[in-house]
Amino acid sequence: MAHTHVSALTITRRAAGAIAAHHFVDIGGHQAGADAQVVGVAMADAEPGDDVPVLAIGQITMTAGAAIAAGDAVVSDANGLPVPKGAASNVIGLALNAANPGEPVTILIR
């Protein structure tokens, strides 16, 4: 799958743990867990201590962690992937297209 992005703001975070590219990054510099406070999406793989570019505002194609409908507010799942908000509270963005688990979904990060 081609991961495309449009960045309005990219920040640098120090990785506190291993982070996979195109996964959510939490406020502490870890790959985000379920309903974590997310600062953005890692633009590259990172090991602990690495500086990793993080898309904080923009649009990015990620892999859906669950079935998502266009227009769904999304949060991080336990693996740092986008899933519908449901009862969670830490919304990171909006799905711009529908996707099944494992399929590409474009997320507006805001």
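Given the structure is predicted, the values throughout are model-derived calculations rather than measurements.

What about the environment of Pro48?
Logical step 1: Summarising the element assignment, Pro48 is placed in the loop between strand S3 (38-42) and strand S4 (51-63).
Logical step 2: Expressed as a C-alpha distance, the spacing of Pro48 and Ile19, which sit 29 residues apart in the sequence, is 8.2 Å.
Logical step 3: Among residues more than four places away in sequence, those in contact with Pro48 are Ala15, Ala16, Gly17 and Ala18.

A word on the nonpolar core
Logical step 1: The biggest cluster of nonpolar side chains holds 17 residues, and the ones touching the most others in it are Phe24, Val105, Ile107 and Ile109.
Logical step 2: When residues of this core are traced back to their parent elements, those giving at least two are S3, S4 and strand S8 (104-109).
Logical step 3: The next biggest cluster of nonpolar side chains, apart from the first, holds eight residues, and it includes Ile19, Val39, Ala42 and Val54.

With respect to the side chain of Asp26
Logical step 1: Along the chain, the position of Asp26 falls in strand S2 (residues 24-26).
Logical step 2: The buried charged residue Asp26 lacks any salt bridge, with Arg13 as its nearest oppositely charged partner at 6.6 Å.
Logical step 3: Of the polar contacts made by the side chain of Asp26, one reaches the backbone nitrogen of Gly28; its length is 2.9 Å.
Logical step 4: If sequence neighbours within four positions are ignored, Asp26 has contacts with Gln31, Ala32, Ala36, Gln37, Val38 and Val39.

With respect to unusual backbone geometry
Logical step 1: The residue His22 is not glycine, and still its phi comes out positive at about 70°.
Logical step 2: Tracing the backbone through its elements, the reader meets His22 in the loop between strand S1 (5-14) and S2.
Logical step 3: Residues other than glycine seldom take positive phi values, yet Asp35 does so here, at roughly 50°.
Logical step 4: Mapped onto the elements, Asp35 comes out in the loop between S2 and S3.

Criteria and thresholds
- Within each chain, residues carry numbers counting from 1 in the order of the written sequence.
- The predicted origin of the model limits local features to residues at a pLDDT of at least 70 and limits the giving and counting of side-chain atom pairs to 80 or more, whereas totals for whole chains, interfaces and linings rest on all residues.
- The basis for every side-chain value is the complete set of non-hydrogen atoms in the structure, without hydrogens or water.
- Runs of H or I in DSSP of at least four residues are treated as helices and runs of E of at least two as strands, each being numbered from the N terminus.
- In what follows, a contact means two residues having at least one pair of non-hydrogen atoms within 4.5 Å.
- Side-chain atoms within 4.5 Å link the members of a nonpolar core, which is a set of buried Ala, Val, Leu, Ile, Met, Phe, Trp, Tyr and Cys residues.
- When a residue's accessible area, from a 1.4 Å probe over protein chains only, is under 20% of the maximum for its type it is buried; when over 50% it is exposed; and in between it is partly exposed.
- Neither His nor the chain ends contribute to the count of charged residues, in which Lys and Arg are positive and Asp and Glu negative.
- Should a side-chain nitrogen of Lys or Arg be within 4 Å of a carboxyl oxygen of Asp or Glu, the pair is scored as a salt bridge.
- Whenever a nitrogen or oxygen atom comes within 3.5 Å of another N or O atom, the pair is scored as a polar contact, on the condition that within protein one atom can donate a hydrogen and the other can accept it, and that pairs from neighbouring residues in sequence are kept only if both atoms are in side chains.

Function cannot be inferred from these measures alone, as they are strictly geometric.
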